[in-house]
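Architecture and fold: a report
Letter by letter, the chains look like this.
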Amino acid sequence: VLNPGVAGHGGVISLMDVQGNRIWVNMGGGCQGCSAAAVTLRQGVTGELRKAVPFLGGIHDATDHSAGSNPFYR
């Protein structure tokens, strides 16, 4: 559900770590360094993950957004 949505902008989301009911995701491709990545995580990713896993606690962004030199957004 998540990756097809961000793939249209050249992005990909990967699960990086799980600790208890908290998870860390990496936003790669066009999401890395994109100024809208935080909004995508808050308004899109978080809601979809909570629908699929209601007991999920914190959802954290583990992406190094400063490493993205040319995010793709259209």
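Reading the values: rules and limits
Residues numbered from 1 in each chain as written. Predicted model: local features only at pLDDT ≥ 70, side-chain atom pairs only at ≥ 80, totals over all residues. Heavy atoms only, no water. Helix = DSSP H or I, 4+ residues; strand = E, 2+ residues; numbered from the N terminus. Buried < 20%, exposed > 50% of the residue type's maximum accessible area, 1.4 Å probe, protein only. Pairing = 2+ DSSP bridges. Right-handed = clockwise from strand over helix to strand, strands pointing away.

**Regarding the overall build of the chain**
- Per the secondary structure count, the chain includes 2 helices and 3 strands.
- Within the span of the chain, comprising 74 residues, buried residues form 27% of the whole.

**Some details on the pairing of strand β2 (residues 22–29)**
- Where strand β1 (residues 11–19) meets β2, 8 bridges bridge the pair, whose relative direction is antiparallel. Residue Val18 lies in a different strand from β2, and its bridge partner there is Ile23.
- As defined by bridge partners, β2 adjoins strand β3 (residues 59–61) across 3 bridges and the pair is classed as parallel. Looking at β3, one finds that Trp24 is bridged to His60.
- As for the winding sense of the linkage, the β-α-β connection from β2 through helix α2 (residues 37–52) to β3 is right-handed.

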